[in-house]
Amino acid sequence: MEPFIDTVSCSQCSVIYQNTRNGIVQPLLTDLYQITMAYAYWKSGRVKDCAVFDMFFRRNPFDGEFTIFAGLEECLKFLQNFRYSDSDIEYLKMTLPGNKEEEFFTYLKQLNANDVKIYAIDEGCVAFPRVPLMRVEGPLIIVQLLETTLLTLVNYASLMSTNAARYRIAAGANIQLLEFGLRRAQGPDGGLSASKYAYIGGFDGTSNVLAGKMFNIPVKGTHAHAYITSFSDFKDLKTKKLKDSNTGEERDMLELSTKWRGPLSEVIDIMPDEASDGELAALISFAIAFPHGFIALVDTYDVKSVITCRSGLLNFCAVAMALNELGYRAVGIRIDSGDLAYLSNKAREVFIKIADKYNLPWFAKLRIMASNDINEDTILSLNDQNHKIDCFAIGTHLVTCQRQPALGCVYKLVEINGMPRIKLSQDVAKVTMPGKKDAYRLYGVDGHALIDLLQRSVETPPQVGIRVLCRHPFQESKRAYVIPAKVESLLKLYWSDGAIQVKLPSLDGVRNRVQSSLQTLRQDHKRNLNPTPYKVAVSDDLYNFIHDLWLENAPIGELS
Ligand SMILES: Nc1ncnc2c1ncn2[C@@H]1O[C@H](COP(=O)(O)OP(=O)(O)OP(=O)(O)O)[C@@H](O)[C@H]1O
Ligand SMILES: O=P(O)(O)OC[C@H]1O[C@H](OP(=O)(O)OP(=O)(O)O)[C@H](O)[C@@H]1O
Ligand SMILES: O=C(O)c1cccnc1
Ligand SMILES: [Mg+2]
């Protein structure tokens with residue numbers, strides 16, 4: 001179906017964007033403590049030390065059992081451009097506490113990410129708690145300096161993509177989802193990221209024009225209540241003429257639309273004088289401006305009426321029929337308040353009645369778009385109420401991730417100079433998994449993912465058809481044998497020798513990957529209420545390694 005007013009973004013812009021990067025993302029976009037640590041490491045002669053960090057999260061967001069990993073491309077672009085500028089160095093000289101040795105700044109000035117290696121999960125894949133999204137290896141000072149920026153690039157991107165993917169699951173494949181959140185987003189960069197990652201997660205378009213231009217995302221929109229309320233009556237209609245699309249003859253849209261209000265009011269069963277003239281004038285003028293993409297906001301004056309949207313719906317239908325006489329097809333309506341299930345059903349009934357009466361089958365299929373503080377639960381509830389909505393336009397809850405505003409990805413040291421490191425905690429969920437590890441996804445014969453398995457990197461990878469012992473990382477008695485029908489190595493070398501090592505997919509490629517990756521997950525892991533946890537296990541070797549190191553590092557208390 002024809003979308004509403006639809007600006008096709010230029011492919012040139014996306015090319016320009018691929019060659020640039022988000023200018024805010026630069027080495028100083030970090031926490032001060034990364035740079036003070038860098039100085040202290042440097043001062044204690046640790047320039048040649050090598051470290052391994054894991055980036056992972058501990059809990060899936062939104063009370064769910066899956067997360068979409070996103071933000072990798074931005075991380076790689078950050079590494080490509082990782083250099084301190086002269087003004088960065090000047091600023092740090094002024095800002096770092098105490099008197100700093102000049103040689104440190106000479107050292108900082110020549111730093112780059114050429115000696116860093118990043119192994120990562122593919123962007124757009126489903127990911128689970130404790131499985132490293134990235135393993136970052138390299139000189140201790142540099143990989144430490146990357147922490148905050150990598151986290152800020154991954155945390156919101158993954159949270160947002162996961163949120164969007166959840167809305168897509170709730171709405172189903174055939175409903176159009178539009179992101180309308182820019183005005184409510186966490187600032188301009190938050191708004192741009194929201195549009196980009198909502199698209200990756202499964203939205204079809206955005207109202208954010210700059211996001212459309214930068215990322216080549218479809219841009220869509222309707223009009224605001226202000227457009228309707230700016231017209232008081234027919235006198236405000238300065239242009240009334242529209243050319244017949246077949247003959248080119250100029251016709252009076254006001255005359256045609258008011259003529260249609262009479263017969264249509266009988267079909268809809270309301271009085272024509274219940275409809276606002278100012279609203280009709282506004283809709284006529286919008287139809288004249290966009291005869292091929294006419295969509296009307298119908299709730300300005302009366303949407304809550306128990307009968308139906310008396311004013312807006314009648315006025316919309318009148319203008320749509322006038323357009324039809326001139327050879328144009330209207331697109332549909334937007335409802336932005338009231339009971340969205342009830343009103344969408346009423347509107348659909350009216351469209352069907354008119355379609356039947358005037359033998360215009362397309363009228364029955366006019367698009368019904370709903371907006372107004374919609375969230376995942378609203379969509380699920382509307383599904384139960386058998387709504388007739390074709391498109392959800394969602395802002396606030398989507399872009400602010402109101403249900404859970406942060407993902408909580410962390411970046412933890414797991415190895416230094418070849419020696420494993422463990423961070424202990426009273427809270428077992430916070431104990432880190434030491435050493436350099438690899439991650440594998442084991443699939444069952446039905447094609448579904450069964451379990452993610454972490455192993456020490458020195459171990460042989462699991463093999464198809466060969467039984468492997470999968471252990472809970474902390475509960476000794478929880479174990480299972482798995483004979484995988486397919487084994488996927490999750491961590492791939494994405495960055496090495498100062499360059500990206502894998503051809504990166506387009507935004508649409510990542511968007512498709514989200515859906516195909518979600519397909520491999522069993523339905524019960526994806527349901528909204530009490531989803532089944534997906535298992536993440538460790539090999540027997542890694543289990544023993546963790547627990548030996550734990551005992552080695554945990555102080556023995558003394559009772560007195
Ligand atoms: N049928 C429905 N089932 C569940 N939730 C709904 C349904 N219809 C609307 N909602 C949601 O209920 C909330 C209604 O918001 P609210 O009470 O502010 O009413 P409103 O129609 O926006 O009022 P106002 O026009 O005064 O702003 C919105 O979050 C909307 O998404
Ligand atoms: O409701 P959201 O999911 O955030 O979607 C975006 C909202 O933005 C607009 O409202 P507007 O800013 O005009 O204000 P409103 O809250 O009065 O509708 C639009 O009419 C939607 O209602
Ligand atoms: O195009 C719209 O209808 C729109 C865009 C942003 C926010 N609210 C509505
Ligand atoms: Mg609103």
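Every value quoted in this text rests on a predicted model; they were computed, and no experiment measured them.

### Notes on the site of ligand 3
- Around ligand 3 sit Phe180, Arg183, Ser207, Gly221, Thr222, His223 and Arg334, and that is every residue in its neighbourhood.
- Within the side chain of Thr222, one N or O atom sits 2.4 Å away from an oxygen atom of ligand 3.
- In the model, an oxygen atom of ligand 3 is placed 3.3 Å from a nitrogen or oxygen of the Arg334 side chain.
- Contact with the protein chains covers 79% of the free accessible surface of ligand 3, which is 260 Å².
- Residue classes in the shell around ligand 3 are distributed as one nonpolar, four polar and two charged.

### Things to note about the site of ligand 1
- Taken together, 13 residues lie around ligand 1, and Gly338, Asp339, Leu340, Asn372 and Gln385 are the ones closest in.
- At a separation of 2.8 Å, a nitrogen atom of ligand 1 approaches a polar side-chain atom of Asp339.
- In the model, a nitrogen atom of ligand 1 is placed 2.9 Å from a nitrogen or oxygen of the Gln385 side chain.
- Burial of ligand 1 by the protein chains amounts to 56% of its free accessible area of 640 Å².
- Elements represented by at least two residues in the shell around ligand 1 include exactly α14 (340-357) and α16 (376-384).
- Residue contributions to the shell around ligand 1 peak at three residues, all from α16.
- For the shell around ligand 1, the per-class residue count stands at four nonpolar, six polar and three charged.

### Topic: the sheet that holds strand β6 (residues 134-139)
- Strand order in the open sheet formed by seven strands is β17-β16-β2-β6-β4-β23-β24, with antiparallel pairing between adjacent strands. With partners counted over all chains shown, the strands left at the sheet margins are β17 (419-420) and β24 (499-500), one partner each.
- Of the strand pairs in this sheet, strand β4 (residues 117-120) and β6 are connected by four bridges, and their pairing is antiparallel. The residue of β6 that forms the bridge with Lys117 is Glu137.
- Against the sheet, helix α7 (residues 147-171) engages β2 (50-56), β6 and β16 (410-416), with an angle of about 135° to β16.

### Observations concerning the pattern of salt bridges
- Taken as a whole, this structure holds 29 salt bridges when the rule is applied.
- The salt bridge partner of Glu74 is Lys77, with a shortest N-O separation of 3.5 Å. Residue Glu74 and its partner Lys77 are located together in helix α3 (residues 72-80), separated by three residues, close to a single helical turn. A single burial state applies to Glu74 and to Lys77, both of which are buried.
- A salt bridge links Lys346 to Glu349; its shortest N-O distance comes to 3.5 Å. Residue Lys346 and its partner Glu349 are both found in helix α14; the two are separated by three residues, about one turn of the helix.
- By relative accessible area, which is 44% here, Glu349 ends up partly exposed.
- One salt-bridge network, in which partners are shared between bridges, spans Glu73, Glu74, Lys77 and Lys196.

### Description of the side chain of Glu376
- Structurally, the position occupied by Glu376 is in helix α16.
- Only 3.0 Å separates the side chain of Glu376 from the side chain of Arg166, close enough to count as a polar contact.
- Of note is the side chain of Glu376, whose polar atom sits 3.1 Å from the side chain of Arg403.

Rules used in this analysis
- Residues numbered from 1 in each chain as written.
- Chains lettered and ligands numbered in written order.
- Predicted model: local features only at pLDDT ≥ 70, side-chain atom pairs only at ≥ 80, totals over all residues.
- Heavy atoms only, no water.
- Near = heavy atom within 4 Å.
- Polar contact = N/O pair within 3.5 Å; in protein donor to acceptor, adjacent residues only side chain to side chain.
- Areas by Shrake-Rupley, 256 points an atom, 1.4 Å probe, with all protein chains shown as cover.
- Nonpolar A, V, L, I, M, F, W, Y, C, P; charged D, E, K, R; others polar.
- Helix = DSSP H or I, 4+ residues; strand = E, 2+ residues; numbered from the N terminus.
- Pairing = 2+ DSSP bridges.
- Contact = heavy atoms within 4.5 Å.
- Axes fitted to C-alpha atoms, helices over the stretch in contact; angles between N-to-C directions.
- Salt bridge = Lys/Arg side-chain N within 4 Å of Asp/Glu carboxyl O.
- Buried < 20%, exposed > 50% of the residue type's maximum accessible area, 1.4 Å probe, protein only.

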